[in-house]
Structures are given as C-alpha cells and as structure tokens.
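# An overview of the molecular structure
Okay, here's what each chain looks like letter by letter:
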Amino acid sequence: MTAVHRLTWVVDVEGYGRRDRDGQNDLQRRLHWVTTQTLIMAGVAHRCDRQERGDGILFVLPAGIAHDRVVTTLVSGLRDVLHEVNRTPGAGGRMRLRSALAQGMVERQPSGFQGQSVVLACYLLDDPQVKRVLADSEESDLVTVMSDDLHRDVFQQGVGEGVYEQLVIRRPEKQFHAVGWVGAAGRGRNNPRVPVYEPPPIDLRSASERRTQQVFNALVAASSAVTVLHTGYLMADALLPEEDEEESADAFSAQPERTPHETVVTDLEATADYQPVYDDPHHDHEPHGSDHDDYL
C-alpha cells in the first residue's frame, strides 16, 4: 500500500482494566456503538480502516476528507454520543474516553498501520498528562488531544469549539518529542442526530448453564446436518430413472434356471469336430490302438 495523507483517530476507555469481565464486555459493546455513531455523523463510517487495541480502537479515515468538518464532529459529536450512552449505564458503569487526533502520511503493513502520525496519535493518547486531565475533569466524559499542526489548521482558525492547552510529549526511551493540545469537552447535550442507545439484554444464566446450552446447540446442529444428508440420499435414490430398474429386473428374470450340478457347455465344446488338445510332448496324439501293445 502506498503512503497517503490521512487522518488518524484513536480512542481509549478510562479504567478499563479495573472492570470485571461483564463490565469490560459491556464497555466493549458501548465503545463500538459510540465510535460507529460518531463516524456516521461525520459521514465517513463506511470508508474507515480500523485496528483494535484491546480497550481502544484506532481508525484511519479516508483521504481527501474535509478536515475542519470531520475533526469538529469527532470532538463535539463524540461528546454527544457519550452523553446518550451514559444515560443508561450498564455493567461497566459510566464510560469515559480519551480521544487523540493526528494527520500525516499513513500506509498499511502486515502488522498494522504505519506512519509518524499514527505513532504520534498513540503517544498523545497514552501520555500521563492527558490521563490526568481526564481524571481531574469530573464533569466531563471526554478529553481530546490533537497534534500541533491539526490544532493550528482547524481550531486556531475559529472552527470548532472548546478550550485547549498546549502540552509537550516526551518519550526519552523512544527518542520522541512532540507538541500537542489537550482539552476536556463540556457536558454533552441531547443531539437529535444521535439515536437512542438500547443496551443488549443481560444474560442472567450461569457459566455452566451457558456451556450446556452451547453443547445442546452443537448437538442440534449436528443432528440437522445428518438429517439433511439422509434426505439428500433419499432424494437422489428417488430420482434414479425407472426404466433402468425395469431393464435390470427383466435381464435377471431372462437367465435360465440351472440345477446345482448342471455343467455349462461352451460353444467351442459343443461343436462336432472338437478335439481336446494335450500338452504332453511325449504323447503321439494318435488314437489308442494295437500298436501300443508292442511296448508292453
């Protein structure tokens, strides 16, 4: 894949590791719903590439998009979608996100997406300063951090909303240094473009009961497969031409009946001039007569 200038968007759930299994499953479902709805609002839902990151997702948006419109939607739209999904908290409780944006050349490699903007977006997202901003913003469910050039190209031009503060990202062990801008989103609002979130039904069965149901479903599926094969065999047998069966029956009935000791005589043996052939080289092949008595 050739490197193309694209926008990278990364999101991550705060405190994901502190949740139990049910809580993490709930947050995973909500995260996918939240990001999908936000991308739909931005008009790029069906043209994004994605890469899972465990408790987060990395998106690479298509080339040629209007950065000012899309970036502002990824900030304000995500805030409103989060407001909707947190109206009915599930097993994972209130969901709070960190969101990072960067732009630059990106290409796909076998292990994932590659490019300095991808690296920058991930470093911005995981920086302790950004995590601290979210932890200190109790009234907010979202903190957004973006690269310096993206902030300059969009928000410093009067597009978008929110107040952002500059921060410096340093990763000496990676020999990495960059400037970013971070800001906590305000309270979300009831946006008519955001559909109502309906959490999936909660499965109250025990783990043992779920396993039993899985085994039962597997047996039913196997039984259905056997039934289909048996039905196919019967249908194939029924489709055999009837005339073939009748001809086989007639041919069998036409064979002459023989007694158990009856000898079958071939046409060759039935001819009048048939004489047996002997393989003994000392036999004179002549009829037995009186000359043979001379040797006695």
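All values derive from a computational prediction rather than experimental measurement.

Before going further, it helps to examine unusual backbone geometry. Positive phi values are uncommon outside glycine, yet Gln175 reaches one of about 55°. Inspection of the secondary structure puts Gln175 in the loop between strand E7 (165-171) and strand E8 (176-184). By relative accessible area, which is 76% here, Gln175 ends up exposed.

Take helix H3 (residues 116-126) next. Counting buried residues along H3, eight of its eleven residues qualify, which places the element largely inside the surrounding structure. Among all positions of H3, only Ser117, Val118, Leu120, Ala121, Cys122, Tyr123, Leu124 and Leu125 are buried.

Let us look at the pattern of salt bridges. All chains considered together, the criterion is met by 16 salt bridges. Note that Asp49 is salt-bridged to Arg108, the shortest N-O span being 3.2 Å. Residue Asp49 is located in strand E2 (residues 49-52), and its partner Arg108 is located in strand E4 (residues 97-109); the two are separated by 59 residues in the primary sequence. Classification of Asp49 by relative accessible area gives partly exposed; the value is 22%.

Working note: regular strand, side chains alternate between the two faces of the sheet. The buried count for strand E1 (residues 4-13) comes to eight of ten residues, which makes it a mostly enclosed element. Relative to strand E3 (residues 56-60), E1 is paired through five bridges, and the arrangement is antiparallel. Looking at E3, one finds that Val10 is bridged to Leu58.

A few words now on the environment of Gly77. Along the polypeptide, Gly77 turns up in helix H2 (residues 67-85). In the structure, Gly77 is positioned 114 residues away from Asn191 in sequence and 8.5 Å away in space, judged by C-alpha atoms.

For the protein, per-residue confidence averages 81 on the pLDDT scale, and 76% of positions sit at 70 or higher. Segment residues 260-272: pLDDT under 50, and five contacts once partners within four positions in sequence are set aside and those in other chains are kept. Below pLDDT 50 for its whole length, residues 277-296 participates in five contacts with residues either more than four positions away or in separate chains.

Residues Leu7, Trp9, Leu61, Leu97 and Leu101 are the most contacted members of the largest nonpolar core, which totals 39 residues. Taken together, the elements giving at least two residues each to this core come down to E1, helix H1 (21-42), E3, H2, E4 and strand E6 (142-147). Counting residues per element, this core draws most heavily on H2, at eight residues. When near neighbours in sequence (up to four residues on either side) are disregarded, Trp9 contacts Thr35, Thr38, Leu39, Ile57, Leu58, Phe59, Leu61, Leu74, Leu78, Ser99, Ala100 and Leu101. The next biggest cluster of nonpolar side chains, apart from the first, holds 23 residues, and it includes Val10, Ala100, Leu125 and Ile169.

Quick look at the side chain of Asn191 now. Note that Asn191 resides in the loop between E8 and helix H6 (207-238). Within the structure, the side chain of Asn191 is placed 3.1 Å from the side chain of Asp80, a separation counted as a polar contact. A distance of 2.9 Å separates a polar side-chain atom of Asn191 from the backbone nitrogen of Arg193. Excluding its chain neighbours within four sequence positions, the residues that come into contact with Asn191 are Met41 and Asp80.

What counts and how
- Residues numbered from 1 in each chain as written.
- Predicted model: local features only at pLDDT ≥ 70, side-chain atom pairs only at ≥ 80, totals over all residues.
- Heavy atoms only, no water.
- Helix = DSSP H or I, 4+ residues; strand = E, 2+ residues; numbered from the N terminus.
- Buried < 20%, exposed > 50% of the residue type's maximum accessible area, 1.4 Å probe, protein only.
- Salt bridge = Lys/Arg side-chain N within 4 Å of Asp/Glu carboxyl O.
- Pairing = 2+ DSSP bridges.
- pLDDT = per-residue confidence, 0-100.
- Contact = heavy atoms within 4.5 Å.
- Core = buried A, V, L, I, M, F, W, Y, C linked by side-chain atoms within 4.5 Å.
- Polar contact = N/O pair within 3.5 Å; in protein donor to acceptor, adjacent residues only side chain to side chain.

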